[in-house]
Amino acid sequence: MTAGQAERFRQFVGSGGVLYASGPTSLSRFDKDGPHFLLEDVLGLRYSGTMGTKQTYLSPKDDAVRKILQPQEALGFIGAMIKATALHGAEVLASATLPFVPPELGQAIGSHFGQIHSNLPALTPGTDPGIVWNTFGKGKAVWVAAPIENGTETVNARLVVALLKRALPGPYQFEVETSPSVEMTLFHQKGKKRLLAGLLTLQGQLPPLLVSATVRVRIPENKKVTAVIHLPERKALKFKKEEAASCRFTNVQSPERKALKFKVAGPYVQFDLEPFTALSMSLIEYE
């Protein structure tokens, strides 16, 4: 990252934006005075090196983070973490912890080891910050000492989503419950008074597996839904309006009719999608 790019991020957060960063993000390695974060003031921490080798952990200090990780006591990461010092005003939500015994010490036989099948975290959590929450200007920044968002474990995704929701409490333009391989996009076609929801599965294996989804879309203010249509058949879907604060998901559409039953709850519309292999698109029309 260049100094110019860092300044753009700084202005973005200062104006009310939310930034999620992990590991060595914005680290300047070639400064004559030594490595430092270009976004040090935004992230609320100062770089001081690395810690660990093959295995490290995040130990929760915040109750909300602790509940997310349960029944685990810590979140494991394969690799080293960034060692840093939190600046004044920054909140540390988790600390970086080393294994009980360094995994590179040697063989299990004739050596000290924590457990033959895994590298347990140290009995006492570390003191270096692992997750830092910082307020900068009108915005927020969340930093994690390692790129846990690259992990494939469900708990990793749960933690990242929780951190983002803490910084961006909503209401959201849309939400979707589906396979991690699915990417959703939502287009607001104001001239045609409709929203176009597209779900694309990005599975690595071929042929792709069937995936289903439950979609929740926010309707423009002072508008009401007139129809939800599954494409490309353009089958009109029956729906029921409700003013409840929340809405219950309905049964999936029947293969014969290709129709999605849905309910409207306040400013949202929710519907289930029948399992698909590649792409599923729906129109939400309003007036």
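For the structure itself, consult the block above.
From a predicted model like this one, the values you see are computed outputs, not experimental measurements.

With mixed pairing, the six strands of this open sheet are ordered in space as β1-β10-β9-β8-β5-β6. At either end of the open sheet lies a strand with only one pairing partner, and these are β1 (18-22) and β6 (75-78). With direction set aside, neighbouring strand axes in the sheet form an average angle of 20°. Summarising the sheet, strand β9 (residues 128-136) and strand β10 (residues 139-144) pair through six bridges and their orientation is antiparallel. Paired with Ile-131 across the two strands is Val-144, which belongs to β10. Sheet strands in contact with helix α4 (residues 154-167) are β1, β6, β8 (91-97), β9 and β10, and its direction is about 25° off that of β9.

Taken as a whole, this structure holds two aromatic pairs when the rule is applied. Ring plane angle 90° and centroid distance 5.8 Å describe the contact between Phe-37 and Tyr-47, whose orientation is recorded as edge-to-face. Of the two residues, Phe-37 sits in strand β3 (residues 36-37) while Tyr-47 sits in strand β4 (residues 45-51), which places them ten residues apart along the sequence. Per residue, the accessibility class of Phe-37 equals that of Tyr-47, and both read buried. Aromatic ring contacts, followed pair by pair, group Phe-37, Tyr-47 and Trp-143 into a single cluster.

With 14 residues, α4 extends 20 Å between its outermost C-alpha atoms, agreeing within 8% with the 20 Å of an ideal straight helix rising 1.5 Å per residue. When we look at burial in α4, the residues that qualify are Val-155, Asn-156, Leu-159, Val-160, Leu-163 and Ala-167. All buried residues of α4 lie within an arc of 135° about the axis, which places them on one face of the element. Tucked inside the fold, the buried residues of α4 contact β1, α3 (63-69), β6, β8, β9 and β10.

Glancing now at the environment of Ile-131. Relative to the helices and strands, Ile-131 resides in strand β9. What makes Ile-131 buried here is its relative accessible area of 1%. Taking the C-alpha atoms as reference, Ile-131 lies 4.5 Å from Val-144; in sequence the two are 13 residues apart. Non-local contacts of Ile-131, meaning those with residues more than four positions away in its chain, are made with Leu-58, Glu-91, Val-92, Leu-93, Ala-94, Val-142, Trp-143, Val-144, Leu-159 and Leu-163.

Across a regular strand the side chains alternate sides, sitting on one face of the sheet and then on the other. Most of β8 sits out of view: five of its seven residues are buried. In this sheet, β8 lies alongside strand β5 (residues 55-60) in antiparallel orientation, the contact comprising four bridges. Directly across from Ser-59, in β8, lies its bridge partner Ser-95. The sheet contact formed by β8 and β9 spans five bridges and is antiparallel. For Ser-95, the partnering residue across the bridge sits in β9 and is Pro-129.

All right, on to the environment of Lys-193 then. Mapped onto the fold, Lys-193 is located in the loop between β12 (182-189) and β13 (194-201). Lys-193 gets classed as partly exposed once you look at its relative accessible area, which sits at 46%. Expressed as a C-alpha distance, the spacing of Lys-193 and Val-225, which sit 32 residues apart in the sequence, is 9.8 Å. Residues contacting Lys-193, with those up to four places away along its chain left out, are Ile-284, Glu-285 and Tyr-286.

Residues Phe-100, Leu-120 and Leu-123 make up a contiguous nonpolar surface patch of about 320 Å² in total accessible area. Within the secondary structure, Leu-120 sits in the loop between β8 and β9.

With that settled, the discussion passes to unusual backbone geometry. Pro-207 follows Leu-206 through a cis peptide bond whose omega is -5°. In this fold, Pro-207 is placed in the loop between β13 and β14 (211-218). Going from Leu-231 to Pro-232, the amide bond is cis rather than trans, its omega being 10°. On the secondary structure map, Pro-232 appears in the loop between β15 (225-231) and β16 (235-236). Here Ser-26, not a glycine, exhibits a phi torsion of approximately 70°, which is positive. Here Ser-26 lies in the loop between β1 and β2 (27-28). For Ser-26, a relative accessible area of 5% gives the class buried. Here the phi dihedral of Arg-234 falls at roughly 60°; this positive angle occurs in a residue that is not glycine. Tracing the backbone through its elements, the reader meets Arg-234 in the loop between β15 and β16.

A word on the pattern of salt bridges. All told, the structure shown has ten salt bridges when counted by the stated rule. The salt bridge partner of Asp-41 is Arg-10, with a shortest N-O separation of 3.0 Å. Highlighted residues: Asp-41 in helix α2 (residues 40-43) and Arg-10 in helix α1 (residues 3-14), separated in sequence by 31 residues. Of the residues examined, Asp-41 reaches a relative accessible area of 35% and is grouped as partly exposed. We note a salt bridge from Arg-66 to Asp-63, for which the minimum N-O separation is 2.7 Å. One end of the pair is Arg-66 and the other is Asp-63, both in helix α3 and three residues apart, which spans about a single turn. Accessibility expressed as a relative area gives 31% for Arg-66, which makes it partly exposed. Residue classification places Asp-63 among the exposed residues on the basis of a relative accessible area of 52%.

Rules used throughout
Residues numbered from 1 in each chain as written. Predicted model: local features only at pLDDT ≥ 70, side-chain atom pairs only at ≥ 80, totals over all residues. Heavy atoms only, no water. Pairing = 2+ DSSP bridges. Helix = DSSP H or I, 4+ residues; strand = E, 2+ residues; numbered from the N terminus. Axes fitted to C-alpha atoms, helices over the stretch in contact; angles between N-to-C directions. Contact = heavy atoms within 4.5 Å. Phe/Tyr/Trp six-rings, centres within 6.5 Å; stacked < 30°, edge-to-face > 60°. Buried < 20%, exposed > 50% of the residue type's maximum accessible area, 1.4 Å probe, protein only. Expected span 1.5 Å × (residues − 1). Arc of directions from axis to C-beta. Patch = residues over 30% accessible without salt bridge, like charges linked within 9 Å, V, L, I, M, F, W, Y side chains within 5 Å. Areas by Shrake-Rupley, 256 points an atom, 1.4 Å probe, with all protein chains shown as cover. Salt bridge = Lys/Arg side-chain N within 4 Å of Asp/Glu carboxyl O.

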